[in-house]
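Read off the chains here:
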Amino acid sequence: MKKVKSENRGKDVMAAAVAGLCIGGFMIPDLRKGYLGSFPQLQLRVSYTRYSKPCSPAMNGCQGDPHIPVGTFQTRTLPPVSTHSLALRSLSSAVDRLRSDPPPFPSGILRLQVPIQEKIEATDWLHAQPELLPRCFFSSRSQSGNSDSFVESVNGDDSSLEDPNLVSVAGIGAAVFFRHFHPFSFDDWKSIKRFLSKKCPLIRAYGGIRFDPRADVSSEWKAFGSFYFVVPQVEFNELEGSSVLATTIAWDNAISWTWEKAICALQATMCQVSSIVVRLSKEVCNTFVLSDSHVPNKASWDDAVNQALQIIGRADSPLVKGQPVVLARSSRVVTASHIDPIASLACLQVEGQNAYQFLLQPPDAPAFLGSTPERLFHRKELCIHSEALAATRARGGSKAQDLQIELDLLSSPKDDFEFSIVRESIQRKLEALCITVLVEPKKTVRKLPRIQHLYAQLSGRLRSADNEFDILSSLHPTPAVCGFPSEEARLLIAKTEMFDRGMYAGPVGWFGGRETELAVGIRSALVDKGFGGLIYAGAGIVRGSNSSLEWEELDLKMSQFTKCPEEMTLEDHHGQLFHTSCSGCLISI
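Residues numbered from 1 in each chain as written. Predicted model: local features only at pLDDT ≥ 70, side-chain atom pairs only at ≥ 80, totals over all residues. Heavy atoms only, no water.

Trainee: For this particular structure, what's the right way to read the overall build of the chain?
Mentor: Counting its secondary structure elements, the chain contains 12 helices and 28 strands. By the burial criterion, 62% of the 589 residues in the chain qualify as buried. Partitioning the contacts of the chain with sequence separation of at least 6, the portion at a separation of at least 24 is 80%. (Helix = DSSP H or I, 4+ residues; strand = E, 2+ residues; numbered from the N terminus. Buried < 20%, exposed > 50% of the residue type's maximum accessible area, 1.4 Å probe, protein only. Contact = heavy atoms within 4.5 Å.)

Trainee: I'm lost on unusual backbone geometry in this one. Help?
Mentor: Trans peptide bonds make up the majority, and among non-glycine residues the majority have a negative phi. The peptide bond linking Leu133 to Pro134 adopts the cis configuration, its omega dihedral lying at 0°. Take Pro134: it is sitting in the loop between strand E6 (132-133) and strand E7 (135-139). Of note, the amide linkage connecting Phe484 to Pro485 takes the cis form, showing an omega dihedral of -5°. Residue placement: Pro485 occurs in the loop between helix H10 (468-475) and helix H11 (486-496). In this model, Glu131 sits at a positive phi of 55°, which is unusual for a non-glycine residue. Given a relative accessible area of 21%, Glu131 falls into the partly exposed group. Non-glycine residue Arg523 carries a positive phi angle of around 50°.

Trainee: Would you explain the packing of aromatic side chains in this entry?
Mentor: Under the definition given, this model contains 19 aromatic pairs. With 6.1 Å between their ring centres and 45° between their planes, Phe184 and Phe469 make a pair best called tilted. Taken together, the residues span a long stretch of sequence, with Phe184 in the loop between strand E9 (176-180) and helix H4 (186-193) and Phe469 in helix H10 at a distance of 285 residues. Note on accessibility: Phe184 and Phe469 belong to one class, buried. When the ring of Phe358 is compared with that of Phe368, the centres are 5.2 Å apart and the planes differ by 55°; the resulting orientation is tilted. Highlighted residues: Phe358 in strand E16 (residues 356-361) and Phe368 in strand E17 (residues 367-372), separated in sequence by 10 residues. Taken together, the aromatic side chains of Phe184, Phe186, Trp189, Phe227, Phe229, Phe469 and Phe511 make up a single cluster linked through ring pairs. Above the face of the Tyr455 ring, Arg446 is positioned so that its terminal group lies 5.1 Å from the ring centre. The ring of Phe211 is capped by Arg501, whose NZ or CZ atom sits 4.3 Å from the centre of that ring. (Phe/Tyr/Trp six-rings, centres within 6.5 Å; stacked < 30°, edge-to-face > 60°. Lys NZ or Arg CZ within 6 Å of the ring centre and 35° of its normal.)

Trainee: Sorry if this is basic, but what is going on with helix H2 (residues 84-99) here?
Mentor: In an α-helix, one turn spans 3.6 residues, which is why side chains three or four residues apart end up on the same side. Compared with the 22 Å implied by 1.5 Å per residue over 16 residues, the 23 Å span of H2 between its first and last C-alpha is a close match. Listing the buried residues of H2 in full gives His84, Ala87, Leu88, Ser90, Leu91, Ala94, Val95 and Leu98. Angularly, the buried residues of H2 cover 160° about the axis, an arc narrow enough to put them on a single face. Opposite the packed face of H2, turned more than 90 degrees from it, sit the exposed residues Arg89 and Arg97. Those residues of H2 hidden inside the fold are in contact with strand E4 (73-77), strand E5 (107-116), helix H3 (122-128), strand E12 (234-239), strand E13 (243-252) and helix H5 (259-270). (Expected span 1.5 Å × (residues − 1). Arc of directions from axis to C-beta.)

Trainee: Please explain the packing of H2 against H5 as it appears in this structure.
Mentor: Geometry of a packed helix pair, given as the angle between the helix axes and the separation of the axes. Closest axis-to-axis distance for the H2/H5 pair is 10 Å, and the angle between their directions is 155°. When the axes of H2 and H5 are compared, the pair comes out roughly antiparallel. In this structure, H2 crosses over H5, and the sense of that crossing is left-handed. In contact with Leu88, Leu91, Ser92, Val95, Asp96, Leu98 and Arg99 of H2, H5 contributes Trp259, Glu260, Ile263, Cys264, Leu266, Gln267 and Met270. (Axes fitted to C-alpha atoms, helices over the stretch in contact; angles between N-to-C directions. Parallel < 35°, antiparallel > 145°, perpendicular 65-115°, else oblique. Left-handed = near helix turned anticlockwise from the far one by under 90°.)

Trainee: How do you make sense of the environment of Arg423 when you look at a structure like this?
Mentor: Tracing the chain through its elements places Arg423 in helix H9 (residues 413-433). What makes Arg423 buried here is its relative accessible area of 14%. With 36 residues separating them in the primary sequence, Arg423 and Glu387 have C-alpha atoms 7.5 Å apart. A polar contact of 2.8 Å, which involves the side chain of Arg423, links it to the backbone oxygen of Lys442. (Polar contact = N/O pair within 3.5 Å; in protein donor to acceptor, adjacent residues only side chain to side chain.)

Trainee: Could you clarify how one ought to interpret the pattern of salt bridges in this entry?
Mentor: Note on pairing: side chains with opposite charge can pair once their charged atoms come close. Tallying each qualifying case throughout the model produces 31 salt bridges. When the shortest N-O distance is used, the salt bridge between Arg214 and Glu487 registers 3.5 Å. Here Glu487 lies in helix H11 and Arg214 lies in the loop between strand E10 (204-209) and strand E11 (227-231), a separation of 273 residues in the sequence. When its relative accessible area of 52% is taken as the criterion, Arg214 is described as exposed. Judged by relative accessible area, Glu487 falls into the partly exposed class, the value being 34%. Glu418 serves as the salt-bridge partner of Lys414, at 4.0 Å between the closest nitrogen and oxygen. With Lys414 and Glu418 both in helix H9 and 4 residues apart, this pair spans about one turn of that helix. (Salt bridge = Lys/Arg side-chain N within 4 Å of Asp/Glu carboxyl O.)

Trainee: Please explain the side chain of Gln323 as it appears in this structure.
Mentor: Considering the arrangement of structural elements, one finds Gln323 in the loop between helix H6 (298-313) and strand E15 (325-335). In this view, Gln323 contacts Ile312, Phe417, Ile421 and Phe484; residues no more than four positions away in its chain are not counted.

Trainee: Looking at this model, I keep getting lost on the environment of Met59. Mind explaining?
Mentor: Its location among the elements puts Met59 in the loop between strand E3 (53-54) and E4. Distance from Met59 to Trp257, taken between C-alpha atoms, is 6.4 Å for residues 198 residues apart in sequence.

Trainee: Would you mind going over helix H7 (residues 341-350) with me for this structure?
Mentor: Most of H7 sits inside the fold, with 9 of its 10 residues counted as buried. Backbone nitrogen of Ile342 and a side-chain oxygen of the N-cap are separated by 3.0 Å at the start of H7; the cap is Asp340.

Trainee: Explanation requested: the pairing of E17 in the structure shown.
Mentor: Regular strands place side chains that alternate from one sheet face to the opposite one. Of all 6 residues in E17, 6 are buried; the element is thus mostly enclosed. Here E17 shows two buried faces, one formed by Ala367, Leu369 and Ser371 and the other by Phe368, Gly370 and Thr372. Two elements, E16 and E17, share 5 bridges in a ladder whose sense is antiparallel. By the bridge assignment for E17, Phe358 is matched with Gly370. Connecting E16 to the next strand, E17, in antiparallel fashion are 5 residues, including Asp364 with a positive phi near 60°. (Pairing = 2+ DSSP bridges.)

Trainee: Could you clarify how one ought to interpret the packing of H9 against H10 in this entry?
Mentor: Across the interface, H9 lies against H10 with an axial gap of 10 Å and an inter-helix angle of 160°. It follows from the interaxial angle that H9 and H10 lie roughly antiparallel. Classified by chirality, the crossing of H10 by H9 is right-handed. Of the residues in H10, those in contact with Ile426, Lys429, Leu430 and Leu433 of H9 are Asp470, Ile471, Ser474 and Leu475. Considered class by class, the residues forming the contact of H9 with H10 number 5 nonpolar, 1 polar and 2 charged. (Nonpolar A, V, L, I, M, F, W, Y, C, P; charged D, E, K, R; others polar.)

Here's what the structure looks like:
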């Protein structure tokens, strides 16, 4: 680490060392003490140095006619190979042959895939690539029982890839991307679905949508647009016992993106793909945070919470019957050395059981990444699953303490009120879309390594499999990240918060031809090399809320980014509590 010349910076470093907190190996002063600096929303600007480089030019699918079907969908599976380097060679040869044998269609999408007879972690593969943009990553929430979420057919028949349970997907480049600056619309959804088909369930568009597309966009979120989805040019699928390397080619003559341009762009990207994949260490070395600040600071947070409580308590409150509003905080850190988003992502996976890990990074943008426990919805054919997740407690330091905290959470009137609003809101919205809706369990505790929440699972049978836009429009934003009623809460958030949430608390995940899965982009951060980081967290404000306790809840939710697991109690795969210690930090941002 370079020597810090400034005397003030030297004091910051010493304070960090004394405080003993870190951001994925980055020592940071104790965030719980706050930072007394407030910034108006439009003055919060974060500059960053571009170390990554864009892949070849790509087609924006939003420029096509969403009502004209794509000419052809194809998935071609090449013979299995034993190593990643052989898979890359096989795909490169196949792409070379395709160049001289174009399909006889003015538009289409074609996926070539090679099964690999060894398991390689998707984060290792992504880290091995030379920082090509765009790039994306999405993991399943569990590493078992996901066979229905991945390969059920190849080439439209019943033949399956060996060991199809999907663990994670990583991608670089864009066969086709979808971005616009107006709010996500039905036509935008149709533009995405135009390139997806039940015949080719492995072709998926990965991305996210802003929490509030009507809010002012700050500079750090500009490249994401109102929404950003991408079908990767080169994609790596990590399965439970093997892997798949794939390439995708998309073209549409109507918007001047021909087969020849698409092939040339893919070959240019593949020339930069590394054939060597080295296991990425999840242990990170300490580096210092030079400065940190919260927006809002503690004093402004107290004012915002008290103002919200006054509005909630008024007889003429727009938040009828004292319903909640969710306020959030953005915490900015500037580090002494660069942050590697992929190494950060790998560290999040250490504690990532029962959560979705994700990363999305368009060209000329920082990386949006996180580890969220909350599913927005998963649709497969006519089946839909959603969930209510609200109210927060820390884990206990022993089994007895953990059980007592669980019982306190289950019996708290305030937390039950907050949770019931979320559950009943989602249930009503699903009932408007479904023939039947089941809520089971109606109320239990969902335990994560550091945090526990009240939880309910909802499932239903849809009236139509073609109404995903209606599902998304209905369920987002949930009361757990916005408040209730949604529009009144959104307006209060827009008036109160002094920063741009961007895609924080927005939908993140993927659209597919046969199924779609979207999570809620909480427990997330915006990071890049040379950029530092912005970490986001929110808390529900209801009658009886205490601003200081809610501030502590924000710190707790940020702890996966900001706190070593030393002297913490975590949970293993079997639900057993165990103590851990470390010489460095577990999590990186």
